[in-house]
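Survey of secondary and tertiary structure
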Amino acid sequence: MTSAADERSGKASVDGSPAARPPAFYRLENTVQPYDWGSTSAIQDLLGAEPDGRPAAELWMGAHPLAPSRVVPDGAGRPNEGPRPGVAAAGTTLADLVRADPVGALGQRVLDQYGPRLPFLLKVLAAERALSLQVHPHPHRAREGFNRENREGVARDSPLRSFHDDQHKPEMVVAVSRFEGLSGFRRPARILELLDGLDGGLVARMRAALLARPTEAGVREAFTLALHARSEPDVAADLARTVASVRARAEDPTGAGAGATPGVPRRTSRRADATVLTLAEQHPGDPGAVVSLMLNRVTLAPGESMFVPSGHVHAYLSGCAVEVMASSDNVLRAGLTSKLVDVDALLECATCTPGPAARPRLVDDGSGLVTYRPPVAEFALRAGLVAGAVPLPDAGPRVVLCLDGAVTLAEGLGPGAVDTHLSRGESVFVPHATGPVVVRGDGRVVVAYVP
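Residues numbered from 1 in each chain as written. Predicted model: local features only at pLDDT ≥ 70, side-chain atom pairs only at ≥ 80, totals over all residues. Heavy atoms only, no water.

With that out of the way, let us pick up the UniProt feature "active site" (unreviewed entry) in the chain. Here, UniProt's "active site" (unreviewed entry) annotation points to Arg333. Topologically, Arg333 is positioned in strand β12 (residues 332-335). Setting aside its immediate chain neighbours within four residues, Arg333 contacts Ser132, Leu133, Gln134, Lys339, Leu340, Val341, Asp342, Val343 and Leu346. Among the polar contacts listed, one links the side chain of Arg333 to the side chain of Ser132, at a separation of 3.2 Å. (UniProt positions renumbered as here; feature names shortened; annotations may be inferred. Helix = DSSP H or I, 4+ residues; strand = E, 2+ residues; numbered from the N terminus. Contact = heavy atoms within 4.5 Å. Polar contact = N/O pair within 3.5 Å; in protein donor to acceptor, adjacent residues only side chain to side chain.)

Put into structure tokens, the structure is as follows:
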């Protein structure tokens, strides 16, 4: 049996001779996703690339099959040993590395729980425009949808596919800049306040549903009415009337206006109205602009965070954030997008329980790095400004990204210990076999790991 110490040190080979040590760190070469809502400057600035006017929406750091990071060994134990287990060859991806040495890369605990796969995906997300009114499926829905589309012969990379893998996708964002979003449903009474006085047939039906049942069931009915309205022939003209009434309300300093429902107090929100107007400008004729009045409006300052469980209706609007999630690309969209819209699949997976946007648990130990712990098993983050020598999580697979400045990662403190240096925009994979790692320097880092 291989002990945890042997996993990390590689003390002995099968024939009793000294075992070759695999690299302590693997530098990552990552994929930038050029989705149309992406910023034309934020990720380029992080990577030191010259902006060319094209959007860069997401930087992926992980082993997801659609865009696995490529790995370059760094901090190898001994030179000139030739090929050996756990050492990446040219062109090797992080997924290849994990499959070649799953115990060394993941550790036995993570391997037993998730199999030979990295269970999380780390991203930098940079939004210049709103991206998708969306939901991520629960595990059983993901498996059902993925297997169904496989049977139907839909290609894995097809734009007509809703389920790209068989995994759920809870996720968490930690803001790098001011970050704006929508997440989870407001209370029915508050939704009625925001819909009150607005013109249009759709909003009238939504109000009627909520007045008849000011409960979760009423929220689901109003939400369903809005999403199905996108297929109605006169939806664009109807929404134009609604948007015009939102604009009139936003420009009225008293917040009053015609069309108020008797018995419903007038308590509007300039920020909610501004969100409708922005979304209507970005996506004309899309009911998602009106749906935004049903959802909690969230602003995160740098370092603040939000958790998005599976089934949670949300949309990110603008800003830059670090995002960590279960390793999946399952996104079910119902609007505010140029990609595939699958209203029925989204409604089947959506949770419509009113409540505030979810937040992870934060632990600040005074080291400069804050721990962000959402209520899921696949991932957690440590992030912040390094002050002195700070230990990182000491077991399992880890991905470290330097957001600013420069830092050094040091493997252990014993003989033959190696280190690696990261500057702004650089990232590394730290295998389980590397063991304890300390970060030093003057920089801002993010560490994704399996808690």
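On to the side chain of Arg161. Within the secondary structure layout, Arg161 lies in the loop between α6 (139-151) and β7 (171-175). Looking at Arg161, its side chain comes within polar contact range of the side chain of Asn150, at 2.6 Å. Not counting chain neighbours up to four residues away, the residues in contact with Arg161 comprise Phe146, Glu149, Asn150, Val154, Ala155, Arg156 and Leu340.

So, on to the packing of aromatic side chains. Evaluated as defined, the whole model comprises 3 aromatic pairs. Measuring from centroid to centroid gives 5.8 Å for Tyr35 and Trp37, while their planes differ by 40 degrees, and the two rings are tilted. You can call Trp37 buried: its relative accessible area is 6%. With a centroid separation of 5.1 Å and an interplanar angle of 75 degrees, the aromatic rings of Phe185 and Phe223 are classed as edge-to-face. Of this pair, Phe185 sits in strand β8 (residues 179-185) while Phe223 sits in helix α9 (residues 216-228); the two residues are 38 residues apart in sequence, bridging distant segments of the chain. Its relative accessible area of 1% is what places Phe185 among the buried residues. Lying across the ring of Tyr35, Lys339 places its NZ or CZ 3.5 Å from the centre. (Phe/Tyr/Trp six-rings, centres within 6.5 Å; stacked < 30°, edge-to-face > 60°. Buried < 20%, exposed > 50% of the residue type's maximum accessible area, 1.4 Å probe, protein only. Lys NZ or Arg CZ within 6 Å of the ring centre and 35° of its normal.)

Next up on the list: the environment of Pro436. One can find Pro436 in the loop between β19 (427-430) and β20 (437-449). Since its relative accessible area comes to 41%, Pro436 is described here as partly exposed.

Most often, soluble globular proteins keep nonpolar side chains buried together rather than apart. Phe223 and Leu227 are the most contacted members of the largest nonpolar core, which totals 51 residues. With sequence-adjacent residues up to four places away left out, Phe223 is seen in contact with Leu133, Phe185, Val291, Met294, Val313, Leu346, Leu347, Ala350 and Cys352. Membership of the second largest hydrophobic core comes to 42 residues, among which are Ala126, Val324, Phe379 and Ala383. (Core = buried A, V, L, I, M, F, W, Y, C linked by side-chain atoms within 4.5 Å.)

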